[in-house]
Amino acid sequence: MMNSTSEAKSANKKFNFINKAELQHEAIVRPSLSFWKDAMNRLVKNKVAMLGLSIIVLTIVMAIVGPWLTPYSYNQTNLSNINAPVSSTHWFGTDTLGRDLWARIWMGARVSLAVGIIGAIIPSLLGMVIGGISGYFGGKTDMIIMRITDIGMCVPQLIYVILIMIYFGSGPLPIILAFALTGWMGAARNIRGLVLQLKEREFVLASRALGASSWRLIFKHLIPNTLSILIVSMTMAIPSAIFYEAYLSFIGIGIKPPMSSWGQLVNSGISVFQIYPSQLFIPAALISLIMLSFNLFGDGLRDAFDPKLRN
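Remember, predicted model here, so these are calculated numbers, not experimental data.

1. Some words on the environment of Ala241
With respect to the secondary-structure elements, Ala241 resides in helix α12 (residues 227-250). Residue class for Ala241 comes out buried when judged on its relative accessible area of 5%. Between the C-alpha atoms of Ala241 and Gly119, which are 122 residues apart in sequence, the distance is 6.3 Å. Excluding its chain neighbours within four sequence positions, the residues that come into contact with Ala241 are Val115, Gly116 and Phe179.

2. Let's talk about the nonpolar core
With 31 residues, the main nonpolar core has Phe92, Ile105, Trp106, Trp262 and Ile290 as its most contacted residues. Mapped by element, the contributors of at least two residues to this core are α3 (35-44), α4 (47-65), α5 (101-137), α12, α13 (262-269) and α14 (278-305). Here this core gets ten residues from one element, more than from any other, and that element is α14. In contact with Ile105, not counting residues within four places along its chain, are Phe92, Trp262, Leu265, Ile282, Pro283 and Leu286. Formed by 13 residues, the second largest nonpolar core is a distinct cluster that contains Val115, Val161, Ile175 and Ala178.

3. Side note on the environment of Met107
Within the fold, Met107 resides in helix α5. Spatially, the C-alpha atom of Met107 lies 7.0 Å from that of Tyr74, the residues being 33 residues apart in sequence.

4. As for the packing of α5 against α13
At a minimum axis separation of 8 Å, α5 and α13 run at an interaxial angle of 135°. Considered as vectors, α5 and α13 are oriented oblique to each other. Facing α5, whose interface residues are Leu101, Arg104, Ile105, Gly108, Ala109 and Ser112, α13 presents Trp262, Gln264 and Leu265. Partitioned by chemical class, the residues of the contact of α5 with α13 number five nonpolar, three polar and one charged.

Cut-offs used in this document
Residues numbered from 1 in each chain as written. Predicted model: local features only at pLDDT ≥ 70, side-chain atom pairs only at ≥ 80, totals over all residues. Heavy atoms only, no water. Helix = DSSP H or I, 4+ residues; strand = E, 2+ residues; numbered from the N terminus. Buried < 20%, exposed > 50% of the residue type's maximum accessible area, 1.4 Å probe, protein only. Contact = heavy atoms within 4.5 Å. Core = buried A, V, L, I, M, F, W, Y, C linked by side-chain atoms within 4.5 Å. Axes fitted to C-alpha atoms, helices over the stretch in contact; angles between N-to-C directions. Parallel < 35°, antiparallel > 145°, perpendicular 65-115°, else oblique. Nonpolar A, V, L, I, M, F, W, Y, C, P; charged D, E, K, R; others polar.

In structure tokens form, the structure reads like this:
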């Protein structure tokens, strides 16, 4: 017994004991966060992305309340006060028909933002479903869908949109329909590639072994794991949709008077910009600013959702 005690004491002398303060170095100091909460925390820390989001929110708020801040209607003409300069009465002046530009610009913001946002969301959701089906089932289904997509992407989207607009006419709904029929192909290819990577993962194999149907695997397990990429691509597609609407209205096949949009205002201002430059520069500056803001916010979302950039 004495020998075992002496052997234990000699063995203890060979070890260096640490105190409680040194034990704290092994503690996990980073809190456990979900993917979405961690991404939101990193997004909030991105000052450039937050600046872009602030401009987007401010523009949306002004599109809602802006037309109500002036006593003039966006389609109210006053031929005795045409091309009035910026003043306390007309904050952005008037156009060639005496209509208040402040009311027309923020009413046009409603149309441009609605067309841009809805025209980006619907094709993205449609592409998500088509790409998920194509990537999961593979085989002939994948080949047929992807060959149709490849053929469709050989022609620029703007040409499709112009042809559809010529057939269905002008207005916000035909523009949104044109975006929905032509804008899903890029999203479908991206989602298909992600689904091809995810469908052989362990959680999918486990769900399949438990008897989950193919449609449940697609919509319950695969597509939700692609939402981060889809949200980023959707955010980056909004400025393209806003630009297409402005371009279509500028060339005369988009929004027609008396309805207002930023592209239609640029089209009206281009004819008098040498004499009244504010009628062109104000809507053009707003188009540029909102497109830049969406791009900055989209870049911030991409960085926040990328796990490689966590630190």
